[in-house]
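Spelled out, the chains give:
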Amino acid sequence: MSGNGDLLDAAVAERVLSRALSRGGEFAEVFAERRGGLTMAIDESRIESVQSGAEEGAGVRVLSGGTTYFAHVDGLEPADLERAAEEAAAALRGGAAEPRPLRAEAPSPQPIERRPGEVATERKAELLRELDERARSAGAEIAQAMASYGEARRQVAIANSEGLLSGDDRTRVRIGAQAVARRGDRVETGAETLGAHRGFELFDDDPAAIAAAAARKALTLLDAGPAPTGSMPVVVGGGFGGVLFHEMTGHGLEADHVQKGASVYGGKLGESVARPLLTAYDDGRMPGEWGSDAIDDEGAPTQKTRLIDEGRLVAYLHDRQSAARDGVAATGNGRRESFRHLPIPRMTNTYIAPGDAAPEAIIGDVEKGFYAVSFAGGQVDPATGDFVFGVNEGYLIEGGAVTRPCRGATLVGNCLQALAAIDAVGDDFWMKTGICGKGGQKVPVGTGQGHVRIASMTVGGTGE
Amino acid sequence: MSELAELARRAVEQAVGGGAGDAEAYASEAENREVRVHGGEVESLTAATQRGIGLRAWIGGRVGYGFGTDLSPRGIAAIAGRAVEAARVADEDEFAAAPEARGEPDAVVGLSDPSRSDWPARRIAELTLAVERSALESDRRIAAVEQAVYFDSAERVAIASSAGAGGEYETTSCYAYLQALADGANGRETGLGFGLARGPAALDPVAIGREGAERAAEMIGSAKPKSRSCAVVLDPTVAASFVGLLGRAAGADAVQRGRSPLAARLGEEVASGAFELHDDGLDPAGFATAPIDAEGVPRRRTALIEEGRLRTLLHDSYTARRGGAASTGSAGRSGYRSMPVVSASNLVVAPGSQSLEGLLGEAGEGIYVNDVAGLHSGVNPVTGVFSVGASGRAIRGGERGEPLREFTIASDLVSMLRAVRAAGSEPRWVPFGGSVSVPPLLIEEMAVSGS
């Protein structure tokens, strides 16, 4: 069986599933995982925090009458798995149910050219030294540089009482660079990342360019004035600018929020929520992208799901349970941080499809506004729709031109209003990586878009 | 010696035998439970066990880290091998060395509540259902509860080191929270209620539910405030987030690397006299309390800000050596998967003399901020400059007025501390931003951006 190697033997899995259903339940599942990784950093031009780990374990869940009984253990010995099955079933009081015989599936994992685990650790340290050097050589005002390297491999195997036995083998690498620029008392920082669901080949093409970009951001901010305050048109840059859509729409389309009445997008399926120029997707199959996997963490194949079709809301993102509740097909969005977590509906790679506006024209039409090139991150309350974004590179737009850099800006708004206020979508397009937190679980997600303009939004800064 | 301490000792031996000059192992095992409730039904019930070891190995001034969950002799050898290999890749650092033994730590009583085991799954499920029910019954405008959650944990930690530091302890903790949803004319409002304790018997499900309901219902009809500069009263939950940031800024690691708003300010005036802050690793009521820190050094109580001055920084053994200071027992880690780093234990803000009503009266006109969002993206950790999303209530004539949302508050950490006019008399333990005990704070002036 490709993908999951020796993680979960079919005979053991059948026994564990029988054990899980021994006191009743409509569905049982075992999720086995082996994860390993290496992280290191360079700071003060010194390689440090070299950390290397390996963990393995399994989570077993039983669904019965609307309740999920879940147990997880460290270790993958048959005795460990059976212990988890017994723990999960412990609170049930019914008669035994029988799982169906397993049929092994072998989805193809994302191809990895050069396994990071097979690259010498010293080579990764060298990569960090290159980043450090590039950031420091960007200008005399660069006072500090930091960079980090991370690789992770997750092998997973999933078996359930409906006969599914599948697996995936996921390798991700990511580097980050941060620079601090200083001029007198002024201190500014800049950051940039590069990551993918790929192997070490990701770093073949000038990876240290991200260090130069981080340094440039920090240096630019030295000349920044206070960010403006108040409502105004906001142009958002491509790539990680897509985190805006991720927060203000993506989370609200996760079906668990919708079903609990905790999403402003609830009951809006089929309705117009944006102007016709806006079409958006969640796509867990984009080759090599940070948020891609062959299958989700319940064994469903990942897929490309159209969320908004020319302004009309057409789909929510489902895991197995939420799909069953709505009587629709799962969308391959049941994800979990590790075997220690229950799957919940999550985004994979979410993006606004390219539009037809030239980025220059999107800015050129703005008399007075704000240009948010990239964000430090964002947060939303899907129930109220209130969101907030920290801008880490922003500029003032005056008379249709980008004039001066601004520091310390935050964007706040409400999802439905802001989504409906998107009045231009650029024809440029790229993806960036993010780490998304929900319900205490962090998963890798991709975000993307070209330049996008929101007709009016609140910018919170300290200026006039 | 417990089995866990024995495993830690064996890991240290393996690393030293495998080429490390010194080694330190942090072993932990935990039993956790979680209940999630929605709509009067138990949505999920989780039972879990976790066990792992994290190992630091030093070769001269090079330090590396390995961790894993396989604690068989072969698994421990592999962890030791990873730590030693990691150390070989790291660069030499003259201050890196294993912490030495520093005498016997104080005994701390009351860290463990044995009653947890008297509460089977059925009983903690009932408690969680009671949290939800309380919210629904306390205000008819509460339409639903998005989720009520209960979590508890019993954890044992053992630290062993070839240089002598170490120890062993056990703690229990539990918390419950909910997100209540209120129906208003302009859509739904959310409100968080929470409580934490050593054991389930000490949680008050009715109070937790009522708090969530009150916070959601009071936001009905909220609107954007006008942009302006005004007096602000921070709810303890909000003040705690800022105090958490301050704890990070006071870490000697950030200061020594010049990446803290408190860098080069030791001994200087950084706050008004109304703001006094301690780090207290021994406070029996605090949830970060333990006899030793994450590298086996005794925890203690440390004055950080007194009479407006920055008295001390938080040190672990590395920053202490580098800064010519003593460790304040401030090594922390998020479990065996990560190396220890300088972090606050329990941050305790000294209460003042006025009730919340007194603070609002003194503010006169302004904004009572009861929630902030976007702290992970809206704060520059180097400069302390921040702009974060907020919601709350207007303060009119010294009383709480209409609800406000979709605005930002902006300042920088030190300016905000200097503008603290008064601390309230009723502190509360808050689990956001670490473990923080803080009363409401009245801030003289802050920039508010709305419409």
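The model shown is predicted, which means the values in this text are computed figures rather than measured ones. (Residues numbered from 1 in each chain as written. Chains lettered and ligands numbered in written order. Predicted model: local features only at pLDDT ≥ 70, side-chain atom pairs only at ≥ 80, totals over all residues.)

### Quick look at the overall build of chain B
- Secondary structure summary: chain B contains nine helices and 20 strands in total.
- The C-alpha atoms of chain B give 23 Å as radius of gyration, which agrees with the globular expectation for 451 residues (22 Å, within 12%).
- If you take every contact in chain B between residues at least 6 apart in sequence, the share linking residues at least 24 apart comes to 72%. (Helix = DSSP H or I, 4+ residues; strand = E, 2+ residues; numbered from the N terminus. Rg over C-alpha atoms; globule rule 2.2 N^0.38 Å. Contact = placed C-beta atoms within 7 Å.)

### What to know about the overall build of chain A
- In terms of helices and strands, chain A carries nine helices and 23 strands.
- Whereas a compact globule of 464 residues would reach a radius of gyration of roughly 23 Å, chain A reaches 24 Å, a difference of no more than 12%.
- Referenced to the eigenvectors of the C-alpha coordinate spread, the extents of chain A come out at roughly 70 × 55 × 35 Å.
- Counting the 464 residues in chain A, one finds 62% classified as buried.
- Excluding contacts between residues fewer than 6 apart, the proportion of contacts in chain A whose partners are at least 24 apart in sequence is 75%. (Buried ≥ 20, exposed ≤ 12 C-beta atoms within 10 Å, placed from the backbone.)

### Details of the nonpolar core
- Counting residues in each nonpolar core, the largest one holds 211 residues, and the members touching the most others are Ala8(B), Ala11(B), Ile53(B) and Leu55(B).
- Residues contacting Ile53(B), with those up to four places away along its chain left out, are Leu7(B), Ala8(B), Ala11(B), Ala25(B), Tyr26(B), Ala27(B), Phe67(B), Gly68(B), Leu71(B), Ile76(B), Ile79(B) and Tyr336(B).
- Among the nonpolar cores identified, the runner-up in size contains 67 residues, and Leu7(A), Leu21(A), Val156(A) and Phe194(B) belong to it. (Core = buried A, V, L, I, M, F, W, Y, C linked by C-beta atoms within 7 Å.)

### Remarks on the sheet that holds strand S15 (residues 349-352) of chain A
Residues and elements named next belong to chain A.
- Strands sit in the order S12-S11-S10-S15-S22-S21 across an open sheet of six strands; the sheet is mixed. Each edge of the open sheet is held by one strand with a lone partner, namely strand S12 (312-313) and strand S21 (430-438).
- For strand S10 (residues 280-283) and strand S11 (residues 304-309), the ladder comprises four bridges, and the chain directions are antiparallel. Note that in S11 the partner of Tyr-281 across the bridge is Arg-306. (Pairing = 2+ DSSP bridges.)

### Section: the interface of chain A and chain B
- Opposite the 65 residues of chain A that make contact, chain B presents 63 residues.
- For the side of chain A that touches chain B, the element with the highest residue contribution is strand S2 (residues 46-64) of chain A, accounting for twelve residues.
- Counted by class, the side of chain A that touches chain B contains 21 nonpolar, 31 polar and 13 charged residues. (Nonpolar A, V, L, I, M, F, W, Y, C, P; charged D, E, K, R; others polar.)

### Quick notes on the domain arrangement of chain A
Residue and element names in this part refer to chain A.
- Considered domain by domain, chain A is made up of domain 1 (10-222) and domain 2 (225-460).
- Contacts between the two partners involve 34 residues from domain 1, matched on the other side by 22 residues from domain 2.
- When residues of the side of domain 1 that touches domain 2 are traced back to their parent elements, those giving at least two are strand S1 (27-43), S2, strand S3 (67-74), strand S5 (142-160), strand S6 (164-183), strand S7 (186-196) and helix H4 (209-222).
- Ranked by residue count, the leading element in the side of domain 1 that touches domain 2 is S6, at six residues.
- Residues that form the side of domain 1 that touches domain 2 fall into these classes: twelve nonpolar, twelve polar and ten charged. (Domains from an automatic or database assignment.)

### Brief notes about the packing of helix H1 (residues 10-20) of chain A against helix H2 (residues 78-89) of chain A
Residues and elements named next belong to chain A.
- Following both chains from N to C, one finds H1 and H2 inclined at 20 degrees, their axes separated by 8 Å at the closest point. Between H1 and H2, the interaxial angle falls into the category roughly parallel. Where H1 crosses over H2, the two elements pack in a sense that is right-handed. Contacts between H1 and H2 involve Val-12, Val-16, Arg-19 and Ala-20 from the former and Pro-78, Leu-81, Glu-82, Ala-85, Glu-86, Ala-88 and Ala-89 from the latter.
- Class assignment for the residues of the contact of H1 with H2 results in eight nonpolar, no polar and three charged. (Axes fitted to C-alpha atoms, helices over the stretch in contact; angles between N-to-C directions. Parallel < 35°, antiparallel > 145°, perpendicular 65-115°, else oblique. Left-handed = near helix turned anticlockwise from the far one by under 90°.)

### Remarks on the domain arrangement of chain B
All names here are of chain B.
- Each assigned domain of chain B is listed here: domain 1 (3-33 + 48-89), domain 2 (114-215) and domain 3 (228-449).
- Between domain 1 and domain 2, the C-alpha centre-to-centre distance is 33 Å.
- If you look at the interface, domain 1 gives 18 residues, while domain 2 gives 15 residues.
- Looking at the side of domain 1 that touches domain 2, the elements with two or more residues in it are helix H1 (3-17) and strand S1 (22-38).
- In terms of residue count, S1 provides more of the side of domain 1 that touches domain 2 than any other element does, twelve residues in total.
- Per-class residue counts for the side of domain 1 that touches domain 2 are ten nonpolar, two polar and six charged.

### Digging into the sheet that holds strand S9 (residues 301-306) of chain B
All names here are of chain B.
- With mixed pairing, the six strands of this open sheet are ordered in space as S10-S9-S8-S13-S19-S18. With partners counted over all chains shown, the strands left at the sheet margins are strand S10 (309-310) and strand S18 (428-430), one partner each.
- The pairing of strand S8 (residues 277-280) with S9 spans four bridges and is classified as antiparallel. Opposite Leu-277, over in S9, you have Ile-305 as the bridge partner.
- Relative to the sheet, helix H5 (residues 236-249) contacts S8, strand S13 (346-349), S18 and strand S19 (435-438), its axis offset from that of S19 by approximately 125 degrees.

### Some words on the confidence of the model for chain B
- Of all residues in chain B, 100% attain a pLDDT of 70 or more, and the chain-wide mean is 95.
- The complex prediction reports pTM at 0.93, with the ipTM value standing at 0.92. (pLDDT = per-residue confidence, 0-100.)

### Details of helix H3 (residues 121-138) of chain B
Residues and elements named next belong to chain B.
- The terminal C-alpha atoms of H3 lie 26 Å apart, and with 18 residues this matches the ideal 26 Å at 1.5 Å per residue to within 8%.
- Among all positions in H3, only Ile-124, Ala-125, Leu-127, Thr-128, Val-131, Glu-132, Ser-134 and Ala-135 are buried.
- As for H3, its buried residues are in contact with S1, strand S2 (41-59), strand S4 (142-161), strand S5 (167-184), strand S6 (187-197) and helix H4 (205-217). (Expected span 1.5 Å × (residues − 1).)

### Topic: the packing of H3(B) against H4(B)
Residues and elements named next belong to chain B.
- Two elements in contact, H3 and H4, have axes whose closest approach is 7 Å; the angle formed by their N-to-C orientations is 45 degrees. What the angle tells us is that H3 and H4 run oblique. The crossing of H3 and H4 is right-handed. Here H3 contributes Leu-127, Ala-130, Val-131, Glu-132, Arg-133, Ser-134, Ala-135 and Ser-138 to the contact with H4, which in turn contributes Pro-205, Val-206, Ile-208, Gly-209, Arg-210, Gly-212 and Ala-213.
- Residue composition of the contact of H3 with H4, by class: eight nonpolar, four polar and three charged.

### Structural notes on H4(A)
- Here H4(A) contains 14 residues, and its C-alpha end-to-end distance of 20 Å stays within 8% of the 20 Å for a straight helix at 1.5 Å per residue.
- Those residues of H4(A) not exposed but buried are Ile210(A), Ala211(A), Ala213(A), Ala214(A), Ala215(A), Lys217(A), Ala218(A), Leu219(A) and Leu221(A).

### Focus: the pairing of S11(A)
All names here are of chain A.
- As defined by bridge partners, S11 adjoins S12 across two bridges and the pair is classed as antiparallel. Following the sheet pairing, Asp-309 is matched in S12 by Arg-312.
- As consecutive antiparallel partners, S11 and S12 are separated by two residues, and within that stretch Glu-310 has a phi angle of approximately 45 degrees, a positive value.

### Some words on the pairing of strand S23 (residues 452-460) of chain A
Residue and element names in this part refer to chain A.
- In terms of burial, S23 is a largely internal element, seven of the nine residues being buried.
- As judged from the six bridges shared by strand S9 (residues 230-236) and S23, these two strands associate in the antiparallel manner. Directly across from Val-236, in S23, lies its bridge partner Val-452.
- Relative to S23, strand S19 (residues 410-414) runs antiparallel, the two being bridged by three bridges. The partner of Val-412 across the bridge, within S23, is Thr-458.
- Direction of pairing for strand S20 (residues 422-425) relative to S23: antiparallel, over a ladder of three bridges. By the bridge assignment, Ala-424 is partnered in S23 with Arg-453.

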